[in-house]
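Tertiary structure, described
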Amino acid sequence: MKRLVRCTALWLAASILMVTYAHAEEVAFIAILSVPAENAQAFDALARDMVEASVTDDGLLVYEFARVGETVYGYERYVDAAAHARHEALIEPFIPQLVELAQFEKIVTLSQLTDDHQELFRSIGAEIGQPIAAAAQGPSK
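Everything numeric in this text was worked out from a predicted model, so none of it was measured.

Thoughts on the overall build of the protein chain
Within the protein chain, the secondary structure is distributed over five helices and four strands. Going from the N terminus to the C terminus, the protein chain shows its helices and strands as α-β-α-β-β-α-α-β-α. Residue burial in the protein chain is summarised as follows: out of 141 residues, 40% are buried. Sequence-distant contacts, at least 24 apart, represent 71% of the contacts inside the protein chain between residues at least 6 apart. Of the roughly 8,100 Å² of accessible surface on the protein chain, 56% is carried by carbon and sulfur atoms.

This is the structure:
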């Protein structure tokens, strides 16, 4: 129960920070989760539900999951921090079940973040990536 409360509080704090520091630059990161084999089927169903709940947001560029054994990689990309905050509100009802089924191992950011945002991600074990090269041909949607 303490883990659920702590993870939910951190998730909400991240959402608030992203709204506070919203700017025109994209937000992108990879979440790495550990999902025990006995939770795989339930987690996969939850991931599909989370993706389905998210597809209506125009600010969402990419939201997908991939499994390698008991490790799940979630790739998220948004047009800006405000779009990510909208996404967080859409999936908030799924967070308690997510925390029961999986454990966040790392969050690797792929976009520039404010110092405060970097500190928040580090507080939950994130590795802060430093963009070194990028190319885009428009939205991935």
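Let us keep going from here.
As for the packing of helix 2 (residues 40-54) against helix 3 (residues 81-91)
One way to put it is that helix 2 packs onto helix 3 with a least axis distance of 9 Å and a crossing angle of 130°. Classed by the angle they form, the pair helix 2 and helix 3 counts as oblique. Here helix 2 and helix 3 pass one another in a crossing that is right-handed. Two secondary-structure elements touch here, helix 2 through Met 50, Ala 53 and Ser 54 and helix 3 through His 87, Leu 90 and Ile 91. Residues that form the contact of helix 2 with helix 3 fall into these classes: four nonpolar, two polar and no charged.

Points about the sheet that holds strand 1 (residues 27-34)
Spatial ordering of the open sheet is given by 2-3-1-4, a layout of four strands whose pairing is antiparallel. Unpaired on one side and paired on the other, strand 2 (60-68) and strand 4 (103-109) mark the two borders of the sheet. For this sheet, the mean inter-axis angle between neighbouring strands, taken without regard to orientation, is 15°. Examined bridge by bridge, strand 1 and strand 3 (residues 71-78) share eight bridges and lie antiparallel to one another. Across the sheet, residue Ala 31 finds its bridge partner in strand 3, namely Gly 74. Where helix 2 meets the sheet, it contacts strand 2 and strand 3, and its direction lies at approximately 170° from that of strand 2. Here helix 3 sits on the sheet in contact with strand 1, strand 2 and strand 3, set at roughly 130° to strand 3.

Some words on the packing of aromatic side chains
Scanning the entire structure with this criterion turns up two aromatic pairs. With centroids separated by 6.1 Å and ring planes inclined at 90°, the aromatic side chains of Phe 43 and Phe 65 adopt a geometry described as edge-to-face. Here Phe 43 is found in helix 2, whereas its partner Phe 65 is found in strand 2, with 22 residues between them in sequence. According to the relative accessible area criterion, Phe 65 is partly exposed, its value standing at 28%. Where Tyr 63 meets Phe 65, the ring centres are 5.4 Å apart and the plane angle is 70°; that geometry is what we call edge-to-face. Pairwise contacts between aromatic rings join Phe 43, Tyr 63 and Phe 65 into one cluster.

Considering the pattern of salt bridges
A complete count under the given rule lists three salt bridges for this structure. Across the salt bridge formed by Asp 44 and Arg 67, the nearest N and O atoms sit 2.4 Å from each other. Here Asp 44, found in helix 2, pairs with Arg 67, found in strand 2; they are 23 residues apart in sequence, far enough to count as distant.

Conventions and cut-offs
- Residues numbered from 1 in each chain as written.
- Predicted model: local features only at pLDDT ≥ 70, side-chain atom pairs only at ≥ 80, totals over all residues.
- Heavy atoms only, no water.
- Helix = DSSP H or I, 4+ residues; strand = E, 2+ residues; numbered from the N terminus.
- Buried < 20%, exposed > 50% of the residue type's maximum accessible area, 1.4 Å probe, protein only.
- Contact = heavy atoms within 4.5 Å.
- Areas by Shrake-Rupley, 256 points an atom, 1.4 Å probe, with all protein chains shown as cover.
- Axes fitted to C-alpha atoms, helices over the stretch in contact; angles between N-to-C directions.
- Parallel < 35°, antiparallel > 145°, perpendicular 65-115°, else oblique.
- Left-handed = near helix turned anticlockwise from the far one by under 90°.
- Nonpolar A, V, L, I, M, F, W, Y, C, P; charged D, E, K, R; others polar.
- Pairing = 2+ DSSP bridges.
- Phe/Tyr/Trp six-rings, centres within 6.5 Å; stacked < 30°, edge-to-face > 60°.
- Salt bridge = Lys/Arg side-chain N within 4 Å of Asp/Glu carboxyl O.

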